[in-house]
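# Descriptive analysis of the structure
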Amino acid sequence: AQSVTQPDIHITVSEGASLELRCNYSYGATPYLFWYVQSPGQGLQLLLKYFSGDTLVQGIKGFEAEFKRSQSSFNLRKPSVHWSDAAEYFCAVGAGGFKTIFGAGTRLFVKA
Amino acid sequence: DAGITQSPRHKVTETGTPVTLRCHQTENHRYMYWYRQDPGHGLRLIHYSYGVKDTDKGEVSDGYSVSRSKTEDFLLTLESATSSQTSVYFCAISEGRDGNYGYTFGSGTRLTVV
């Protein structure tokens, strides 16, 4: 069955430290992969997407993600976290047929 | 700014009453979607539209109906609201099918059914 797993419900990182949010997917074909960010009271905003080609993709706000087919992973990274990055992050896979599967989300807390 | 607006932003309604949520876009995108967001569930697709008067069900469509009479408007109706429909509802648009271009989301409608 198609699924997206974000193993960490929440993560706390110190401001200026590096960040990695994990995402694992289960999908039979080559997936379309996305990361979204949601600030409190707002809708989701697309950070980056992977369709094909270079497995390291750059997104907005200094984020990047790496597609690893062998591990069925698409982890999100940022070298230096800012307090404004505190939000909830969702990984998603385009599963075809108007179906996009979202993970349950990882809430990021940033401490000073 | 985003070209997609939802109304109302908040609504409290009583069990058994009909409720209609509106999504309006100015991007002229063909594809529109309604999702609900609940803690621990991520986002789940309720209904989607692939053109004027062309709609179909998503994974959690029971108790919901939709209509799209114009490209820019996509309405979600709860025929008879129940407490299990208390949720945050998001409309989304995309340039291509399957959301493979990625979605643009509205700011959401927080619906409480009492």
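Heads up: the structure comes first, above all this text.
To keep things clear, this report deals only with the structure shown in the data block. Everything numeric here is computed off the predicted structure, so don't read it as measured data.

### Some remarks on the side chain of Thr 13 of chain B
All names here are of chain B. Along the polypeptide, Thr 13 turns up in strand S2 (residues 10-13). Classification of Thr 13 by relative accessible area gives buried; the value is 9%. With residues near it in sequence (within four places) discarded, Thr 13 still touches Val 19, Ala 81, Leu 111, Thr 112, Val 113 and Val 114.

### Some thoughts on the interface of chain B and chain A
Of the residues lining the interface, 22 residues belong to chain B; the matching set on chain A comes to 21 residues. Interface area for chain B against chain A, summed over the two sides, is near 1700 Å², with a carbon-plus-sulfur share of 55%. The interface formed by chain B and chain A holds four residue pairs in polar contact (both at pLDDT 80 or more) in total. Looking at which element gives the most residues to the side of chain B that touches chain A, the answer is strand S5 (residues 42-51) of chain B, with five residues. Of the residues contributing to the side of chain B that touches chain A, the split by class is eleven nonpolar, eight polar and three charged.

### A short note on the nonpolar core
Side chains of nonpolar character tend, in soluble globular proteins, to be buried together. Residues and elements named next belong to chain A. Residues Leu 19, Trp 35, Leu 47, Leu 48, Phe 74, Leu 76 and Tyr 89 are the most contacted members of the largest nonpolar core, which totals 27 residues. Every element with two or more residues in this core is listed here: strand S2 (10-14), strand S3 (19-21), strand S5 (32-38), strand S6 (44-50), strand S8 (64-68), strand S9 (73-78) and strand S10 (87-94). For this core, the element with the highest residue contribution is S10, accounting for four residues. Contacts of Leu 19, omitting those with residues within four sequence positions, involve Ile 11, Val 13, Phe 63, Leu 76, Arg 77, Lys 78, Val 81 and Leu 108.

### With respect to the pattern of salt bridges
Under the definition given, this model contains nine salt bridges over all chains. A salt bridge links Arg 44 of chain B to Asp 38 of chain B; its shortest N-O distance comes to 2.8 Å. You'll find Arg 44 of chain B and Asp 38 of chain B in the same group, each marked buried. Salt bridges sharing common partners tie together Glu 64, Glu 66 and Arg 77 of chain A.

### Remarks on the state of the cysteines
One pass over the structure, following the stated rule, counts two disulfides over all chains. Put simply, Cys 23 of chain A and Cys 91 of chain A are joined by a disulfide, and their sulfur atoms are 1.9 Å apart. Handedness here is read from the sign of the S-S torsion; for Cys 23 of chain A and Cys 91 of chain A, about -65°, the answer is left-handed. Residue Cys 23 of chain A is located in the loop between S3 and strand S4 (24-26), and its partner Cys 91 of chain A is located in strand S10; the two are separated by 68 residues in the primary sequence. Given a relative accessible area of 0%, Cys 23 of chain A falls into the buried group. Linked covalently through their sulfurs, Cys 23 of chain B and Cys 91 of chain B form a disulfide whose S-S length is 1.9 Å. The chirality of the disulfide connecting Cys 23 of chain B with Cys 91 of chain B is left-handed, given an S-S dihedral of about -75°. Here the residue Cys 23 of chain B occupies a position in strand S3 (residues 19-25), and Cys 91 of chain B occupies one in strand S9 (residues 87-94), the gap between them amounting to 68 residues. Overall, the relative accessible area of 0% leaves Cys 23 of chain B in the buried class. Look at Cys 91 of chain B and you get buried, because its relative accessible area is 0%.

### Some details on the sheet that holds strand S1 (residues 4-7) of chain B
Residues and elements named next belong to chain B. In spatial order, the strands read S1-S3-S8-S7; together these four strands make up an open sheet with antiparallel pairing. Bordering the open sheet on either side are S1 and strand S7 (64-70), each of which pairs with just one other strand. Averaged over all neighbouring strand pairs, the angle between strand axes comes to 20°, with direction disregarded. Note that S3 and strand S8 (residues 73-78) share six bridges and pair antiparallel. Bridge assignment links Leu 21 to a residue of S8, and that residue is Leu 76.

### Observations concerning the pairing of S1 of chain B
Residue and element names in this part refer to chain B. In S1, alternate side chains face the same way, and those of Ile 4 and Gln 6 are buried while those of Thr 5 and Ser 7 on the opposite face are not. Pairing analysis gives four bridges linking S1 to S3, with the strands arranged antiparallel. Across the sheet, residue Gln 6 finds its bridge partner in S3, namely Cys 23.

What counts and what doesn't
Residues numbered from 1 in each chain as written. Chains lettered and ligands numbered in written order. Predicted model: local features only at pLDDT ≥ 70, side-chain atom pairs only at ≥ 80, totals over all residues. Heavy atoms only, no water. Helix = DSSP H or I, 4+ residues; strand = E, 2+ residues; numbered from the N terminus. Buried < 20%, exposed > 50% of the residue type's maximum accessible area, 1.4 Å probe, protein only. Contact = heavy atoms within 4.5 Å. Buried area = accessible area lost by both parts, 1.4 Å probe. Polar contact = N/O pair within 3.5 Å; in protein donor to acceptor, adjacent residues only side chain to side chain. Nonpolar A, V, L, I, M, F, W, Y, C, P; charged D, E, K, R; others polar. Core = buried A, V, L, I, M, F, W, Y, C linked by side-chain atoms within 4.5 Å. Salt bridge = Lys/Arg side-chain N within 4 Å of Asp/Glu carboxyl O. Disulfide = S-S within 2.5 Å. Pairing = 2+ DSSP bridges. Axes fitted to C-alpha atoms, helices over the stretch in contact; angles between N-to-C directions.

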